[in-house]
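Chain by chain, the residues run as shown.
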Amino acid sequence: MPRSAPPKRTASNPAATAIWGREGSLRPLVPAAIWSIFLRRVSSSLSCKAAAPAGSAGAVLEGAAESPALGRLRRNSVEPKGLTEDLVETMAGTSKIAPHVQVPLQSGSDAALARMRRPYRTSHYRRALEAIRGKIPEAGLGADVIVGFPGETEEEFRQTRD
């Protein structure tokens, strides 16, 4: 599906801002001006659930993508446990959501992840990537990796590298 060009920014059509609506959806303040929304907070999948306790992160994104003025919604950083089945399904089934996600790995070592106090392990990361590839084979994937974390051993580094 071809994408439309973003609207021209003029005095009568300023850049738009989005906020959480009472219903737990992303609600545009200036609907005619929104062309692209970029969600980048690592734990925003958890924030979506906090904003929409009865709904889900996928439902919040789907609701935002329904805006006729929106050309693209890009979901960036999502921790592995935040890539729920409904979120992946929504990303796969909504053409306005860009097929890209940044999933922070930080380390390929469970021991290092525990020292970093990350709420996930390598098995969560692996399942998250398999879920994305299973539903969105063409998805672009990004990762954040920390090398040289205090106390990292050669074996932990090797686990991350491999």
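In what follows, the structure referred to is the one given above.
Residues numbered from 1 in each chain as written. Predicted model: local features only at pLDDT ≥ 70, side-chain atom pairs only at ≥ 80, totals over all residues. Heavy atoms only, no water.

**Here we look at the overall build of the protein chain**
Phase 1: Counting its regular elements, the protein chain contains six helices and six strands.
Phase 2: Scanning the protein chain from its N terminus toward the C terminus, one meets helices and strands in the order β-β-β-α-α-β-α-β-α-α-β-α.
Phase 3: Counting only residues that meet the buried cut, the protein chain has 40% of its 162 residues in that class.
Phase 4: Split by element, the accessible area of the protein chain, about 9,100 Å² in all, is 53% carbon and sulfur. (Helix = DSSP H or I, 4+ residues; strand = E, 2+ residues; numbered from the N terminus. Buried < 20%, exposed > 50% of the residue type's maximum accessible area, 1.4 Å probe, protein only. Areas by Shrake-Rupley, 256 points an atom, 1.4 Å probe, with all protein chains shown as cover.)

**Considering unusual backbone geometry**
Phase 1: Even without glycine at this site, glutamine 106 takes up a positive phi of about 70°.
Phase 2: Its place among the elements puts glutamine 106 in the loop between β5 (100-102) and α4 (110-115).
Phase 3: The backbone phi angle of arginine 117 is positive, close to 60°, even though this residue is not glycine.
Phase 4: Counting through the fold element by element, arginine 117 comes out in the loop between α4 and α5 (122-135).

**Regarding the pattern of salt bridges**
Phase 1: For the structure shown, the criterion picks out five salt bridges.
Phase 2: The partner of glutamate 89 in a salt bridge is lysine 135, with the nearest N and O atoms 2.8 Å apart. Taken together, the residues glutamate 89 in helix α3 (residues 85-93) and lysine 135 in helix α5 connect sequence positions 46 residues apart.
Phase 3: Here glutamate 156 and arginine 115 are joined by a salt bridge, their closest N and O atoms 2.8 Å apart. Here arginine 115 lies in helix α4 and glutamate 156 lies in helix α6 (residues 154-161), a separation of 41 residues in the sequence.
Phase 4: The class for glutamate 156 is buried, based on a relative accessible area of 7%.
Phase 5: In the salt-bridge network here, residues are joined through shared partners; they are Glu155, Arg158, Arg161 and Asp162. (Salt bridge = Lys/Arg side-chain N within 4 Å of Asp/Glu carboxyl O.)

**Comments concerning the environment of proline 137**
Phase 1: For proline 137, the position within the fold is in the loop between α5 and β6 (140-142).
Phase 2: For proline 137 and proline 99, which are 38 residues apart along the polypeptide, the C-alpha to C-alpha distance reads 9.2 Å.

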